[in-house]
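# Close look at the chain arrangement
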Amino acid sequence: MIDFSISPELERTRQSTTAFMEEFVYPIESKMVEEEGLPAELESDLQQRVKALGLWAPNLPCEWGGMGIGYVGQALLNEIVGRSVVAPRLFGNAAPDAGNAELLLVAATPDQKDKYLRPLAAGEVRSCFAMTEPEVAGSDPTSLRTTAVRDGDNWIINGHKWFTSGAIGSTFAIVMAVTDPTADSRARASMILVPTDTPGFKIVRAVPVMGSGGIGGHCEVRFEDCRVPVANPLGELGQGFKLAQARLGPGRIQHCMRWIGAAQRSFEMMCTYALRRQSFGEPLAKKQTVQNWIADSAAEISAARLMTLNTAWKLDRGDDARIEISLIKFFGARVLHDVIDRAIQVHGALGYSKDMPLEMFYRDARAARIYDGPDEVHRQVVAQRILKTFAGVS
Ligand SMILES: Cc1cc2nc3c(=O)[nH]c(=O)nc-3n(C[C@H](O)[C@H](O)[C@H](O)COP(=O)(O)OP(=O)(O)OC[C@H]3O[C@@H](n4cnc5c(N)ncnc54)[C@H](O)[C@@H]3O)c2cc1C
């Protein structure tokens, strides 16, 4: 028999997180401005409260000011935090900073950790991750064109990126660039740390998007003879794709954890409203169609939660969980979308209005099927891996 019980300590942490969300987060959600976030003073005040409660940065080890609770612990807390768009920044584990901090932890030199990771882990600065380019398929990053050419004690970067999330106001970017065009396609690129005040780092615009945008925008960025010291590559040269996998793998599961929270909150709104709203002489909850939506949503959320926890459990045991991460990435994104869609339908015009968080959840959910690898690519990864196990068997 499988034991699904949670340690008393983790249970207490879950309760404190839930209490914080109820007392401090839900009441201030309406103060968020799309693409700008919460007012800076309010955000900073709430971050200090989170730190004082010992709930800061569940994804980071204790020596870097985090909670050091492993992936299963993170999954359970991120579900609570994911219930609100504003919460991940308050708890110090919002994208892209969380993934960048994890990348710095595994790949940065002691000097780089001191300069970049320390302030990032403390929430004193923001960062961005520049890999995707408009001219080539982001799904196949081996085709990227941005180059970094060695010139004496510097690397000179030239290229064009977009969807560099959070770039406006970031202190540094982690940039994927080709450092050896003659190498094998998987070994051509490296990651390079680029302070955003470096001459030649140019933010063209925040690309207008369907979703809430997030603080710092999803930016188009040009690198024009952007010169950084030779010490700035992260990890070994040519290891960019390997590091990207290390960053995006666990990073993907953090998204999935948060999606369950957003889906669960939408589900709760759907149930509450279905019981309250009268139509044709009875509550909506009496209609079989609505009951089907509730039952289907409960089953799908439950499946997504168990798949996520299973993936987290494997990661905690040192497994790279490649198949499980891809499974939950496309399955979780679909569940998120479908549950919010049903919740909006039950609410009618109210669900479509900005009086409820559902419309923003819905807009943001659409991107979940694209970022960190579109659904189709994750399905392909899963199918190819499964088929490999059958090859030669028949
Ligand atoms: C909200 C948001 C935030 C993002 N943040 C960042 C960021 O911070 N940094 C960053 O570098 N990038 C970021 N991205 C970019 C994201 O990683 C890319 O959009 C993604 O990798 C897909 O690349 P693409 O958009 O170039 O689509 P393409 O690769 O051109 O693919 C287009 C479509 O083709 C289909 N397709 C692709 N490959 C296959 C296949 N093998 N089989 C079947 N169909 C396929 C899919 O339907 C896919 O949606 C972000 C994107 C979004 C939407």
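Refer to the structure printed above.
What comes next is a walk through the structure. (Residues numbered from 1 in each chain as written. Predicted model: local features only at pLDDT ≥ 70, side-chain atom pairs only at ≥ 80, totals over all residues. Heavy atoms only, no water.)

Moving on to the overall build of the protein chain. When helices and strands are tallied, the protein chain shows 12 helices and 10 strands. Taking 21 Å as the expected radius of gyration for a compact globule of 394 residues, we find that the protein chain reaches 22 Å, a close match to that expectation. Counting only C-alpha atoms, the protein chain reaches 80 × 65 × 40 Å along its principal axes. For the protein chain, buried positions account for 51% of its 394 residues. (Helix = DSSP H or I, 4+ residues; strand = E, 2+ residues; numbered from the N terminus. Rg over C-alpha atoms; globule rule 2.2 N^0.38 Å. Buried < 20%, exposed > 50% of the residue type's maximum accessible area, 1.4 Å probe, protein only.)

On to helix 6 (residues 110-121), then. With 12 residues, helix 6 ought to run about 16 Å at 1.5 Å a step, yet its terminal C-alpha atoms sit only 14 Å apart, falling short of that. Listing the buried residues of helix 6 in full gives Gln112, Tyr116, Leu117, Pro119, Leu120 and Ala121. The secondary structure elements touched by the buried residues of helix 6 are helix 5 (97-107), strand 1 (127-130), strand 4 (172-178), strand 5 (189-195) and strand 8 (233-234). (Expected span 1.5 Å × (residues − 1). Contact = heavy atoms within 4.5 Å.)

So, about the nonpolar core. In this structure, Phe91, Leu104, Phe172, Ile174, Met176, Met191 and Leu234 are the most contacted members of the largest nonpolar core, which totals 47 residues. With sequence-adjacent residues up to four places away left out, Leu104 is seen in contact with Lys113, Tyr116, Leu117, Leu120, Phe172, Leu193 and Leu234. Ranked by size, the runner-up nonpolar core spans 31 residues in total, among them Cys256, Ala263, Ala333 and Ala368. (Core = buried A, V, L, I, M, F, W, Y, C linked by side-chain atoms within 4.5 Å.)

Next up on the list: the site of the ligand. Around the ligand lies a shell of 18 residues, among which Thr132, Gly138, Ser139, Phe163 and Gln380 are the nearest. Between Ser139 and the ligand, the recorded distance is 2.5 Å, taken from a side-chain N or O atom to an oxygen atom. Protein chains bury 66% of the 980 Å² of accessible surface belonging to the ligand in isolation. Taken together, the elements giving at least two residues each to the shell around the ligand come down to strand 1, strand 3 (154-165) and helix 12 (375-390). A total of 3 residues in the shell around the ligand trace back to one element, the largest contributor, which is helix 12. Its residues assigned to classes, the shell around the ligand shows 10 nonpolar, 6 polar and 2 charged. (Near = heavy atom within 4 Å. Polar contact = N/O pair within 3.5 Å; in protein donor to acceptor, adjacent residues only side chain to side chain. Areas by Shrake-Rupley, 256 points an atom, 1.4 Å probe, with all protein chains shown as cover. Nonpolar A, V, L, I, M, F, W, Y, C, P; charged D, E, K, R; others polar.)

Applying the stated criterion across every chain yields a total of 6 aromatic pairs. Taken together, a centroid distance of 6.3 Å and an interplanar angle of 55 degrees make the contact between Trp259 and Tyr371 tilted. In this pair, Trp259 sits in helix 7 (residues 240-276) while Tyr371 sits in the loop between helix 11 (358-368) and helix 12, placing the two residues 112 residues apart along the sequence. Owing to a relative accessible area of 6%, Trp259 belongs among the buried residues under this scheme. Judged by relative accessible area, which is 30%, Tyr371 ranks as partly exposed. A connected cluster of aromatic rings, assembled from ring pairs, spans Phe20, Phe24 and Phe91. In this arrangement the basic side chain of Lys51 is found over the ring face of Trp56, its NZ or CZ atom lying 4.5 Å from the centre. (Phe/Tyr/Trp six-rings, centres within 6.5 Å; stacked < 30°, edge-to-face > 60°. Lys NZ or Arg CZ within 6 Å of the ring centre and 35° of its normal.)

Closest axis-to-axis distance for the helix 5/helix 6 pair is 10 Å, and the angle between their directions is 150 degrees. Between helix 5 and helix 6, the interaxial angle falls into the category roughly antiparallel. Here helix 5 runs over helix 6; the crossing is left-handed. In this structure, helix 5 contributes Asp97, Asn100, Ala101, Leu104, Leu105 and Ala107 to the contact, and helix 6 contributes Gln112, Lys113, Tyr116, Leu117 and Leu120. Among the residues making up the contact of helix 5 with helix 6, the classes are represented as 7 nonpolar, 2 polar and 2 charged. (Axes fitted to C-alpha atoms, helices over the stretch in contact; angles between N-to-C directions. Parallel < 35°, antiparallel > 145°, perpendicular 65-115°, else oblique. Left-handed = near helix turned anticlockwise from the far one by under 90°.)

Those residues of helix 11 not exposed but buried are Leu358, Glu359, Met360, Phe361, Arg363, Ala365 and Ala368. Among the structural elements, helix 7, helix 9 (322-347) and helix 10 (349-352) are those in contact with the buried residues of helix 11.

Turning to empty space enclosed by the protein, a few remarks are in order. Throughout the structure, instances matching the rule amount to 4 cavities of 30 Å³ or more. Its boundaries defined by the atoms lining it, the largest cavity holds a volume of some 130 Å³. Mapped onto the lining of the largest cavity, the elements with two or more residues apiece are helix 5 and helix 6. Among the elements that make up the lining of the largest cavity, the one with the highest residue count is helix 5 (3 residues). For the lining of the largest cavity, the class distribution of residues is 8 nonpolar, 4 polar and 3 charged. (1 Å grid on protein atoms, 1.4 Å probe; cavity = no way out; pocket = protein on both sides within 12 Å on 5 of 7 lines; lining within 4 Å. Points joined across faces, edges and corners; volume = space filled by probe spheres on them.)

Here we take up the pattern of salt bridges. If you walk through the whole model with that rule in mind, you get 20 salt bridges. Two residues, Asp45 and Arg49, come together in a salt bridge whose shortest N-O distance is 3.6 Å. Of this pair, Asp45 and Arg49 both sit in helix 2 (residues 40-52), 4 residues apart, roughly one helical turn. In this structure Asp45 comes out as partly exposed when scored by relative accessible area, which is 37%. Where Lys161 meets Glu133, a salt bridge forms, and the shortest distance between an N and an O atom there is 2.9 Å. Residue Lys161 is located in strand 3, and its partner Glu133 is located in the loop between strand 1 and strand 2 (147-151); the two are separated by 28 residues in the primary sequence. Accessibility assignment for this pair places Lys161 and Glu133 in one class, buried. A network of salt bridges, in which partner residues are shared, links Glu34, Lys354, Glu359 and Arg363. (Salt bridge = Lys/Arg side-chain N within 4 Å of Asp/Glu carboxyl O.)

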